[in-house]
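Observations on chain architecture
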Amino acid sequence: MPGRPDLLHAMMNRADRIQAALAAAFAPATVAVQDDSHRHAGHAGARPEGETHYSVLVVSPGFAGMSRVARSRAVHARLEEEFATGLHALALRLLTPDEAAQP
Amino acid sequence: MTNPVFQRIESEIRENPVVLYMKGTPVFPQCGFSARVVQILSHVGVPFKGVNVLEDGELRDGIKEFTNWPTIPQLYVKGEFVGGCDIIMEMYQAGELQAMMKEKGLVTAEA
């Protein structure tokens, strides 16, 4: 990938990369990434080195007018490289600021 | 589309009103996310066909490509992709899943 600071990128863990990719793609956005891999250790899809299972919350005005499936696809599209390199499960909560403010 | 896996999926979702592509079987799910969707569908009272992607490596990859969706489970209703575990759970919690199933005449038992 031209223009990307590859060394810095290589030093980031997957949670950091997910965070950075989604914050950039859906700005202005609140992005919270939680690594759940340890809770799935030993399951299919889990790897000894972890970094397989994540929960992600994104709150962005960009989701307004998009269906649930469309929101998820937009997020998946930004994380293709992660899925190609061992990301196995991604629990997504994708909200507009208005939806996030609802009880 | 000449991919035989795609053809199989197309006929499956055409011939069965509710199809869940999952890991394991409805009786013995082998993944927590698949298990959760099975539980929700059972609770809503919707009969469905469970398809175990672990039994067929080509299907396991093929369904992801067919739907353009990177994870399992995947729920199809009347030939349309509805979502994976998060979406089904959100729809269930909002009452939307029950409403959709009722509207499409797929609920057999009052939950």
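Everything that follows concerns the structure shown earlier in this document.
Every residue gets a number counted from 1 within its own chain, in the order that chain's sequence is written. Lettering of chains starts at A and numbering of ligands starts at 1, both following the order in which they are written. Per-residue local features of the predicted model are confined to residues with pLDDT of at least 70, and side-chain atom pairs are confined, for both listing and counting, to 80 or more; whole-chain, interface and lining totals are unaffected and use all residues. As a rule here, side-chain values come from all non-hydrogen atoms in the structure, and water together with hydrogens is ignored.

1. A few points about the pattern of salt bridges
Within this document, salt bridges are pairs made up of a side-chain nitrogen of Lys or Arg and a carboxyl oxygen of Asp or Glu, the two lying within 4 Å of each other. Within this structure, the stated rule accounts for 9 salt bridges over all chains. The partner of B:E12 in a salt bridge is B:R8, and the shortest N-O contact between them spans 3.2 Å. In this pair, B:E12 and B:R8 are both assigned in helix α1 (residues 4–15), 4 residues apart and thus about one turn of the helix distant. Look at the salt bridges and you will find they share partners, linking A:R68, A:R93, B:E90 and B:E96 into a network. Secondary structure elements are taken from DSSP: a helix is a run of H or I of four residues or more, a strand is a run of E of two residues or more, and numbering for both begins at the N terminus.

2. Observations regarding the interface of chain B and chain A
In this complex, chain B contributes 17 residues to the contact, which on the side of chain A involves 14 residues. The buried area of a pairing is the accessible area, by a 1.4 Å probe, that goes missing from both parts when the two are put together, added over both. Both faces considered, chain B and chain A share a buried interface measuring about 1,300 Å² in area, 56% of it formed by carbon and sulfur atoms. Inspection of the region where chain B meets chain A yields 3 salt bridges. For the salt bridge of A:R68 with B:E90, the shortest nitrogen-to-oxygen distance reads 2.9 Å. Polar contact is defined as a pair of N or O atoms within 3.5 Å, subject to the rule that within protein one atom must be able to donate a hydrogen and the other to accept it, and that residues adjacent in sequence are counted only when both atoms are side-chain atoms. Counting the contacts that link chain B with chain A gives 6 residue pairs in polar contact (both at pLDDT 80 or more). For the side of chain B that touches chain A, the elements supplying multiple residues, two or more each, are α3 (57–67), β4 (80–83) and α4 (85–93) of chain B. In terms of residue count, the dominant contributor to the side of chain B that touches chain A is α4(B) (4 residues). In the side of chain B that touches chain A, the residues fall into 8 nonpolar, 4 polar and 5 charged. The criterion used for residue contact is that any of the two residues' heavy atoms lie within 4.5 Å. Asp, Glu, Lys and Arg are counted as charged, while Ala, Val, Leu, Ile, Met, Phe, Trp, Tyr, Cys and Pro are counted as nonpolar; the rest, among them Gly, fall into the polar class.

3. Looking at helix α2 (residues 14–25) of chain A
All names here are of chain A. Multiplying one less than the number of residues by 1.5 Å gives the expected span of a helix. With 12 residues, α2 ought to run about 16 Å at 1.5 Å a step, and its terminal C-alpha atoms sit 16 Å apart, in line with that. Where α2 is concerned, the buried positions are R14, A15, R17, I18 and L22. Projected onto a plane normal to the axis of α2, the buried residues spread over an arc of 165° and lie on a single side. Residue N13 occupies the N-cap position of α2, its side-chain oxygen lying 3.2 Å from the main-chain nitrogen of A15. Note on exposure labels: buried denotes an accessible area under 20% of the residue type's maximum, exposed denotes more than 50%, and partly exposed covers the range between, all computed with a 1.4 Å probe on protein chains only. Relevant arc is that of directions from the helix axis to the C-beta atoms, nothing else.

4. Considerations on the packing of aromatic side chains
In this description, a pair of aromatic rings is defined by centroid distance and the angle of the planes. All names here are of chain B. Whether two aromatic rings pair depends on their centres lying within 6.5 Å, for rings of Phe, Tyr and Trp, where Trp uses its six-membered ring; planes under 30 degrees apart make the pair stacked, over 60 edge-to-face, and the rest tilted. Tallied over the entire structure, the rule returns 6 aromatic pairs over all chains. Centre to centre, the rings of F66 and Y76 are 6.2 Å apart; their planes meet at 55°, and the pair counts as tilted. Taken as a pair, F66 in helix α3 and Y76 in strand β3 (residues 74–77) lie far apart in primary sequence, 10 residues in all. The class for Y76 is buried, based on a relative accessible area of 4%. Here a set of aromatic residues connected by ring pairs shows up, and it is made of F6, Y21, F66, W69, Y76 and F81.

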